[in-house]
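# Summary of structural features
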Amino acid sequence: MQPGAGSTGFNNLFPDNEIVISGPGEIPLLKLFGIDAGSNFMLPDYDFAIQNKYIAPGFILSYNTSVGCPWKKCTFCPEKYEDNPYIQERYTKVTTELLFLVKKYNPVLVHLTDSEISPAMLKTLAENPIRVPWYGFCRFTKILTDIDFCRQLANSGCKMLSMGLESGDKEVLKAMEKGINLEEVPIILENLKEAGIGTYIYVLFGTPAEDRDAALKTRDFVAKHAHLIDFTNAAVFNLPVNSEEAEFLDTDNFYEGDLSLYSEFKHPKGWGRKEVRQFLKKDFSSVPEIREILNRVPPVFDSSHAPFFL
Ligand code: SF4
């Protein structure tokens, strides 16, 4: 791509750079080298990597069943503000290819690298076991309120699900268009625990709609359900420079020199990055139940190696 050719205008942010590819880069990168890859989905070839030693108990096979996100509404997420298209590979092709790759490479773990595995894909995986432990990202979706389905998913090899809770405050969830039902979250966590599927839960502090009281609700929600959560990640919100929210906030350059995908902003409720960081240190991580989960997160590789620590 040439400057200014990016679908979401990223190239305009980096006028001195030759090329910026927004969203998935594999196909555009191959095109730059004159290779017509044809499709978003190609059978991965790991022959070059399989003999190389790696800091893991064995080979971890990465595989995408889709690109983009079937939900694509969360206001803080690149899938939304980069406007990436959602493309789901055919279910039969996914299951056939996964079985082929598992037989070929004999992995100890399959990492489904989708931004979000759709409910329909979860169902397909549950019904077509790949016979090796796997994990990936999915939403707190209704289908997981069914304990029988969660058991079927566990039997298919599902070892861990990574899920974005983001907030324990309904109004904040509504403002960020997360689209999850907070009442269903404990049921889903109970079901996954009961079925033997581990959980890696993501929370996000400092979004424009949040204040300290809302953040305390998130903290209390996590603490209350800590016995059902295996790992957690607490992040400080960054305002994407080209998000819709940036248009309505008092913003400034994040770093000197303009070379950033994020903007500094004046939080409308005085709940800025400094306050959030102090909160995370003093009020969130200090809760014994939460500290226990945080201490469980494997160092360095964190979520990538978490399934080995379940
Ligand atoms: S569900 Fe996940 S991937 Fe999809 S828009 Fe929300 S945060 Fe992004």
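Not measured: the values here are computed from a predicted model.

## Considering the site of the ligand
Every residue close to the ligand is listed here: Cys69, Trp71, Lys72, Lys73, Cys74, Phe76, Cys77, Glu79, Glu116, Arg139 and Lys178. Class assignment for the residues of the shell around the ligand results in 5 nonpolar, no polar and 6 charged.

## Details of the pattern of salt bridges
All told, the structure shown has 15 salt bridges when counted by the stated rule. For Lys123, the salt bridge goes to Glu127, with nearest N and O atoms at 3.4 Å. With Lys123 and Glu127 both in helix α5 (residues 119–127) and 4 residues apart, this pair spans about one turn of that helix. Exposure remark for Lys123: the relative accessible area of 42% places this residue in the partly exposed category. Linking Lys217 and Asp169 is a salt bridge whose minimum nitrogen-to-oxygen distance equals 3.1 Å. Here Lys217, found in helix α9 (residues 212–224), pairs with Asp169, found in the loop between β6 (158–166) and α7 (170–175); they are 48 residues apart in sequence, far enough to count as distant. On the basis of relative accessible area, Lys217 is assigned to the partly exposed category, the value being 46%. Taking relative accessible area as the criterion, Asp169 reaches 7% and is therefore assigned buried. One network of salt bridges, in which partners are shared, links Glu89, Lys93 and Glu97.

## Brief notes about the environment of Leu192
Its place among the elements puts Leu192 in helix α8 (residues 184–195). Residues Leu192 and Asp146, 46 residues apart in the sequence, show an inter-C-alpha distance of 9.7 Å.

## What to know about the packing of helix α6 (residues 147–155) against α8
One way to put it is that α6 packs onto α8 with a least axis distance of 9 Å and a crossing angle of 45 degrees. The orientation of α6 relative to α8 falls into the category oblique. With respect to the hand of their crossing, α6 and α8 are arranged in right-handed fashion. Contacts between α6 and α8 involve Ile147, Cys150, Arg151 and Ala154 on the former and, on the latter, Asn191, Leu192, Glu194 and Ala195.

Scoring rules and cut-offs
- Residues numbered from 1 in each chain as written.
- Predicted model: local features only at pLDDT ≥ 70, side-chain atom pairs only at ≥ 80, totals over all residues.
- Heavy atoms only, no water.
- Near = heavy atom within 4 Å.
- Nonpolar A, V, L, I, M, F, W, Y, C, P; charged D, E, K, R; others polar.
- Salt bridge = Lys/Arg side-chain N within 4 Å of Asp/Glu carboxyl O.
- Helix = DSSP H or I, 4+ residues; strand = E, 2+ residues; numbered from the N terminus.
- Buried < 20%, exposed > 50% of the residue type's maximum accessible area, 1.4 Å probe, protein only.
- Axes fitted to C-alpha atoms, helices over the stretch in contact; angles between N-to-C directions.
- Parallel < 35°, antiparallel > 145°, perpendicular 65-115°, else oblique.
- Left-handed = near helix turned anticlockwise from the far one by under 90°.
- Contact = heavy atoms within 4.5 Å.

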